[in-house]
Amino acid sequence: MIDTGVRDGRRQIAFDQAMIDLHREGKVRDSVRFLRFQPCALVGRHQSIGKELKLDYCRENGIGIVRRITGGGAIYLDPGQVGWELVISRKRVPLPTLQDYTKEICEAVASGLSQAFSIDARFRPRNDIEVDGRKLCGTGGFFDGDTLFYQGTVLVDADPERVLACLNVPEEKLRKRNLDNASNRLVTLKHLMGGVAPDIESIHEAILRGLSERFGIDFSFELPSDDEEILAAKIHDDETGTDEFVYSIDETPAQADCGAATLSGPGGSITALVRLEGKEQTQRIQTVLLTGDFFVAPPRILLDLEANLRGVPLDSVSGAIDEFFAATRPELLSLAPGDFKTVVHAALRTLRP
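First things first, this report covers the structure right here in the doc. Since we're looking at a predicted model, the values are computed, not measured.

Conventions we followed
Residues numbered from 1 in each chain as written. Predicted model: local features only at pLDDT ≥ 70, side-chain atom pairs only at ≥ 80, totals over all residues. Heavy atoms only, no water. Phe/Tyr/Trp six-rings, centres within 6.5 Å; stacked < 30°, edge-to-face > 60°. Buried < 20%, exposed > 50% of the residue type's maximum accessible area, 1.4 Å probe, protein only. Helix = DSSP H or I, 4+ residues; strand = E, 2+ residues; numbered from the N terminus. Pairing = 2+ DSSP bridges. Contact = heavy atoms within 4.5 Å.

Let's talk about the packing of aromatic side chains
Each aromatic ring pair is summarised here by two numbers: the centre-to-centre distance and the angle between the ring planes.
Then, in step 1: In the structure shown here, the tally under the stated rule is 6 aromatic pairs.
Then, in step 2: Centroid distance Phe324 to Phe325: 5.6 Å. Interplanar angle 85 degrees. Geometry classified as edge-to-face.
Then, in step 3: By relative accessible area, Phe324 is classed as buried at 6%.
Then, in step 4: For the ring pair Phe325 and Phe340, a centre distance of 5.7 Å and an interplane angle of 35 degrees mean the geometry is tilted. Taken together, the residues span a long stretch of sequence, with Phe325 in helix α12 (residues 317–328) and Phe340 in helix α13 (residues 337–351) at a distance of 15 residues.

Re the pairing of strand β12 (residues 268–277)
Then, in step 1: When you tally the buried positions in β12, you get 7 out of 10 residues, the bulk of the element.
Then, in step 2: In this sheet, β12 lies alongside strand β11 (residues 258–265) in antiparallel orientation, the contact comprising 8 bridges. For Gly265, the partnering residue across the bridge sits in β12 and is Gly268.
Then, in step 3: Examined bridge by bridge, β12 and strand β13 (residues 284–293) share 9 bridges and lie antiparallel to one another. In the strand pairing of β13, Ser269 is matched with Asp293.

What to know about the environment of Phe149
Then, in step 1: Here Phe149 lies in strand β10 (residues 147–155).
Then, in step 2: Counting along the chain gives 117 residues from Phe149 to Val32, while the straight-line C-alpha distance between them is 9.9 Å.
Then, in step 3: Ignoring sequence-local partners within four residues, the contact set of Phe149 consists of Asp16, Ile20, Ile69, Thr70, Glu85, Leu86, Val87, Gly140, Gly141 and Phe142.

Printed below as a string of structure tokens:
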């Protein structure tokens, strides 16, 4: 177990990737990391940053703008939230799918928090930990070979109004939960404990206890290694700390030559933006951009799908998507390959009524 304390958001994300890379190479043992963030708004790996964040507010108020390496939705973080994450071999905890890992890990953390703070925290699919229907912890993860990376954040002392000021919360999310205000969707440990936030160490201990009891794992405290710090600094400077990475997905408003469609459901939301090229009888896909609030492992699989669809004739799109997923067999959490096919065809229909 290591604790990297409070750091800039882009540097914390770089440390995520460094741990994954070093673990995959056998240079880092199975680990749990605790972390906290300087004020920042984070989008998921596949989200459009301008669509999800109120960028002007963030910039005017000194709130960092960050893209993480896991999927899912946009969140606001500051030192009042505790981040936790696992970087472990799948052989240590052998389960069939990412959905199975999500359930087991969330139930473990929920159990630890419940015992420590006398609350009724429970896993709620697809990837939340809730108390009485209000979100206490969001989570997400993916596989990189044998390495499982899984992370979450516990809301300890958050200001819901600050959260809403940074994020564009979709109306459909509120309608799905029958909520008039997105702040009613969140709850903090401070609120649950009568206005007194627990200390950070007790939260760490609760999470470790839950993981230990569920998976039979013992933990020893260590400092971050030199290898981790050096590689994290390099990844920050070359990738996660750059605007090129953070703003790598930023949808522009739909134009006359751009078809757009969104598919929303219990498994998340997917948006497809499609442009065509060629004459009417021989049209083919020029570009496809797939964004949204979902989890897919490995994360770069969507970049590969987008690349595979370039130049594909319209009558071959369905077959190309089917062949891609059959060949790559990615892990999808609460979504199916057919959902991506559906949203691409819906976007095409906006161009070809």
